[in-house]
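# Per-entry structural report
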Protein chains: 2
Amino acid sequence: MNICIVGLGLIGGSFALALRKHSLAERIYGVDASPRNAAKALELGLVDEVVEFEKATEVADIVALATPVDTIPQLAIKLLNHIEKSQIVLDMGSTKEELCEIISLHPHRNRFVATHPMWGTEYSGPEAAVEGAFRGCNVVLCEVEKSDAEAVATVEGLFRTIGMSVMEMSAEKHDLHAAYVSHISHITSFILATTVLEKERESETILNLAGGGFESTVRLAKSSTDMWLPIFRQNKYNILDVLREYIHQLEIFRKALERDNSEELRRIILRANEIRKILK
Amino acid sequence: MNICIVGLGLIGGSFALALRKHSLAERIYGVDASPRNAAKALELGLVDEVVEFEKATEVADIVALATPVDTIPQLAIKLLNHIEKSQIVLDMGSTKEELCEIISLHPHRNRFVATHPMWGTEYSGPEAAVEGAFRGCNVVLCEVEKSDAEAVATVEGLFRTIGMSVMEMSAEKHDLHAAYVSHISHITSFILATTVLEKERESETILNLAGGGFESTVRLAKSSTDMWLPIFRQNKYNILDVLREYIHQLEIFRKALERDNSEELRRIILRANEIRKILK
């Protein structure tokens, strides 16, 4: 089986490494809009050969889209326009509603599998690809009822072999949950970074004083704008709901601190501590 | 040299382990207001012997305070009331202004060294003590000009031996910087946790979907209210300044997202990315 990965950055590059490690593809082809990234991916051995996007469906049995989410719907349509019955197209993007709507009535929709492997780091580009990525994490498959059962089984098989657990849910539910457990974390990190950079002019001091706590809450602020801006735009309404609630809760904390309302502050912290039950 | 640690939790317990590992004390005594914690610390081998607080200055050459910051000033005064010229009292608390003011005119102020080792985890109690804590981190010493040079040298020696780098600054400057690089991170984590818990009823889903990003931004929300509430109260005005700026920056982001102002969103993310230069 030959696989072509479109988008050779953090996700696509790491997926290539995982496929190779588990001998899941005879040959791995790669596509990237940036000639520099394509060359780098080849140099790093992520892919065996770089091809033009238009060749993807000619050379591969499975084409995986790992580009920024604003580009996925159109690329998905173009690929579906050119595939044979036995081929499969999948995407690995962080939002699902917009994509699933755009492709919903395509005559080859049944050959598409919409996925979101819940893994990432704050780094980007082919150099950010890491071995062992995805292992132990979950992958969400959306609207599987619209995909051929055999295509879903093949894609699930790939993800299971590289160490992931498969969950299925609607695209709508996925985007709502993703706003809570992924997208808002990136926003709070970006804004924490801008706040500290705005006020704390002495960057030497930040560097020296920052303990592990600061680093862990702010590390996502290193994340790429090319990847995240499209996610925020595509999941705008869910994110705005979460963001309004987050700001509301911050205001409650701020007022309690201003008014020396220790009981309220204690209540908030104890409530937050309940996250212990949910995280390991 | 005998050392007595008052407060046998995360910080005091880890300090005891570090002292022992580097053979910095002949005998390590421990004090804890909770008989359970004191017994646990003894059982875990953190300390050689548990004593009453009143005995601390009788048995030890150096007494280290590692209790919640609201209790440190009074405990410091009580210890200074009973020490000999050759003894040293130090504290390891996360705020410094209030403490330094309270002890400022004490006749034995010169035997006190105010410190803040910039290390911690989200866990608490004697069981949270870990070997190798503090190593590679910075410790801030405040108002060293009010301490005997020999006492400062002794305390710096202890911290250097356990692997820390020493920085000196005023208590005022310390508290301002700590608000930015430590205290605000805890607040954003607490509030992120309450927001998600408030809205996301399906905790099974959080558990399954949450990738490393969510976990790292929210892990500080597991932190103890006994430790953090007093820090927030003591550093109230600095924290309120940071918090207002943080909420202001969040509102700018929210409005840009509502109005589809991609240029503004991109500007914010690129600005946040500058944190890359500061963190490793």
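Refer to the structure printed above.
Keep in mind it's a predicted model, so treat the numbers as computed, not measured.

We now examine the sheet that holds strand E7 (residues 138-142) of chain B. Residues and elements named next belong to chain B. With respect to topology, eight strands assemble into an open sheet ordered E3-E2-E1-E4-E5-E6-E7-E8, the strand pairing being mixed. Each edge of the open sheet is held by one strand with a lone partner, namely strand E3 (49-50) and strand E8 (165-169). Of the strand pairs in this sheet, E7 and E8 are connected by five bridges, and their pairing is parallel. Each bridged residue has a counterpart across the sheet, and for Val140 the counterpart in E8 is Met167. Where helix H1 (residues 10-21) meets the sheet, it contacts strand E1 (2-6), strand E2 (27-31) and strand E4 (62-65), and its direction lies at approximately 165 degrees from that of E1. Along the sheet, helix H4 (residues 72-81) makes contact with E1, E4, strand E5 (88-91) and strand E6 (112-117), crossing E4 at roughly 165 degrees.

On to the pattern of salt bridges, then. Counted under the stated rule, the structure contains 42 salt bridges over all chains. The partner of Asp91(A) in a salt bridge is Lys96(A), and the shortest N-O contact between them spans 2.7 Å. Here Asp91(A) matches Lys96(A) in class, with each residue buried. Within this structure, Asp241(A), Arg244(A), Glu251(B), Arg254(B) and Glu258(B) form a network of salt bridges that share partners.

A separate point is the interface of chain B and chain A. Taken together, the contact pairs 84 residues of chain B with 84 residues of chain A. Together, Tyr180(B), Leu209(B) and Ile278(B) form the three largest contributors to the area buried by chain B at its contact with chain A, with a combined 8%. Summed over the shared surface of chain B and chain A, the result is eight salt bridges. Sort the elements by how many residues they give to the side of chain B that touches chain A and helix H7 (residues 171-199) of chain B lands first, with 19 residues. Looking at side-chain class alone, the side of chain B that touches chain A contains 41 nonpolar, 21 polar and 22 charged residues.

The subject of this paragraph is the sheet that holds strand E8 (residues 165-169) of chain A. Residue and element names in this part refer to chain A. Read across the sheet, eight strands follow the order E3-E2-E1-E4-E5-E6-E7-E8 without closing on themselves; strand pairing throughout is mixed. The open sheet is flanked by strand E3 (49-50) and E8, the only strands paired with a single partner. Pairing between strand E2 (residues 27-31) and E3: two bridges, direction parallel. Paired with Gly30 across the two strands is Val50, which belongs to E3. Packing against the sheet, helix H4 (residues 72-82) makes contact with strand E1 (2-6), strand E4 (62-65), strand E5 (88-91) and strand E6 (112-117), and its axis sits at approximately 165 degrees to E4. Most of the contacts of helix H7 (residues 171-199) go to E8, to which it runs at about 115 degrees, and overall it touches E6, strand E7 (138-142) and E8.

You can overlay chain B on chain A at an RMSD of 0.0 Å; the transform is a turn of 180 degrees with a shift of 0.0 Å along its axis. The symmetry that links the two subunits is that of a two-fold axis. Considering only C-alpha atoms, the part of chain B nearest the rotation axis is Thr217(B), at 2.1 Å. Most of the interface of chain B is mirrored in chain A, where 100% of its interface residues again form contacts.

Residue and element names in this part refer to chain A. All told, the structure shown has 13 aromatic pairs over all chains when counted by the stated rule. Pairing Trp119 with Phe134 gives two aromatic rings, centres 5.1 Å apart and planes at 55 degrees, and the pair type is tilted. Of the two residues, Trp119 sits in the loop between E6 and E7 while Phe134 sits in the loop between E6 and E7, which places them 15 residues apart along the sequence. Phe134 shares its class with Trp119; the two are buried.

Here helix H11 (residues 236-258) of chain A crosses H7(B) at 125 degrees, and the two axes come no closer than 9 Å. With respect to their mutual orientation, H11(A) and H7(B) come out oblique. Of the two possible hands of crossing, H11(A) and H7(B) adopt the one that is right-handed. Residue-level contacts link Val242(A), Glu245(A), Tyr246(A), Gln249(A), Leu250(A) and Phe253(A) of H11(A) to Ile187(B), Thr188(B), Ile191(B), Leu192(B), Thr194(B), Thr195(B), Glu198(B) and Lys199(B) of H7(B).

Our next topic: the side chain of Lys222(B). All names here are of chain B. Relative to the helices and strands, Lys222 is located in the loop between helix H9 (212-218) and helix H10 (225-234). Notably, Lys222 is buried but unbridged: the nearest opposite-charge side chain belongs to Glu122, and the N-O separation is 4.1 Å. Of the polar contacts made by the side chain of Lys222, one reaches the side chain of Tyr123; its length is 3.3 Å.

Looking now at empty space enclosed by the protein. Using the criterion set out here, one finds three cavities of 30 Å³ or more in the structure. One number sums up the size of the largest cavity: a volume of about 60 Å³. Forming the walls of the largest cavity are Ala18(A), Lys21(A), His22(A), Gly132(A), Ala133(A), Arg135(A) and Ile162(A). Across the lining of the largest cavity, the residue classes tally to three nonpolar, two polar and two charged. Considering only enclosed or pocket space, the second largest cavity measures out at about 40 Å³ in volume. Forming the boundary of the second largest cavity are Ala18(B), Lys21(B), His22(B), Gly132(B), Ala133(B), Arg135(B) and Ile162(B). Looking at the lining of the second largest cavity residue by residue, the classes come out as three nonpolar, two polar and two charged.

Residue and element names in this part refer to chain A. A cluster of acidic residues, Glu97, Glu98, Glu101 and Glu172, forms a negative patch at the surface. With three residues, the single largest contributor to the negative patch is helix H5 (residues 97-103). Structurally, Glu101 is set in helix H5. Judged by relative accessible area, Glu101 falls into the exposed class, the value being 58%.

A few words now on helix H6 (residues 149-161) of chain A. Given 3.6 residues per turn, any residue in an α-helix points the same way as the ones three and four places further on. Residue and element names in this part refer to chain A. In a regular helix each residue adds 1.5 Å, so 13 residues correspond to 18 Å; H6 covers 18 Å between its end C-alpha atoms and thus fits that length. Looking at H6, one finds that the buried residues are Ala151, Val152, Val155, Glu156, Leu158 and Phe159. All buried residues of H6 project into a common sector of 155 degrees when viewed along the axis, lining one side.

The rules behind the values
Residues numbered from 1 in each chain as written. Chains lettered and ligands numbered in written order. Predicted model: local features only at pLDDT ≥ 70, side-chain atom pairs only at ≥ 80, totals over all residues. Heavy atoms only, no water. Pairing = 2+ DSSP bridges. Helix = DSSP H or I, 4+ residues; strand = E, 2+ residues; numbered from the N terminus. Contact = heavy atoms within 4.5 Å. Axes fitted to C-alpha atoms, helices over the stretch in contact; angles between N-to-C directions. Salt bridge = Lys/Arg side-chain N within 4 Å of Asp/Glu carboxyl O. Buried < 20%, exposed > 50% of the residue type's maximum accessible area, 1.4 Å probe, protein only. Buried area = accessible area lost by both parts, 1.4 Å probe. Nonpolar A, V, L, I, M, F, W, Y, C, P; charged D, E, K, R; others polar. Least-squares fit on C-alpha atoms with pLDDT ≥ 70 in both. Phe/Tyr/Trp six-rings, centres within 6.5 Å; stacked < 30°, edge-to-face > 60°. Parallel < 35°, antiparallel > 145°, perpendicular 65-115°, else oblique. Left-handed = near helix turned anticlockwise from the far one by under 90°. Lys, Arg positive; Asp, Glu negative; His and termini not counted. Polar contact = N/O pair within 3.5 Å; in protein donor to acceptor, adjacent residues only side chain to side chain. 1 Å grid on protein atoms, 1.4 Å probe; cavity = no way out; pocket = protein on both sides within 12 Å on 5 of 7 lines; lining within 4 Å. Points joined across faces, edges and corners; volume = space filled by probe spheres on them. Patch = residues over 30% accessible without salt bridge, like charges linked within 9 Å, V, L, I, M, F, W, Y side chains within 5 Å. Areas by Shrake-Rupley, 256 points an atom, 1.4 Å probe, with all protein chains shown as cover. Charge placed at Lys NZ, Arg CZ, Asp CG, Glu CD. Expected span 1.5 Å × (residues − 1). Arc of directions from axis to C-beta.

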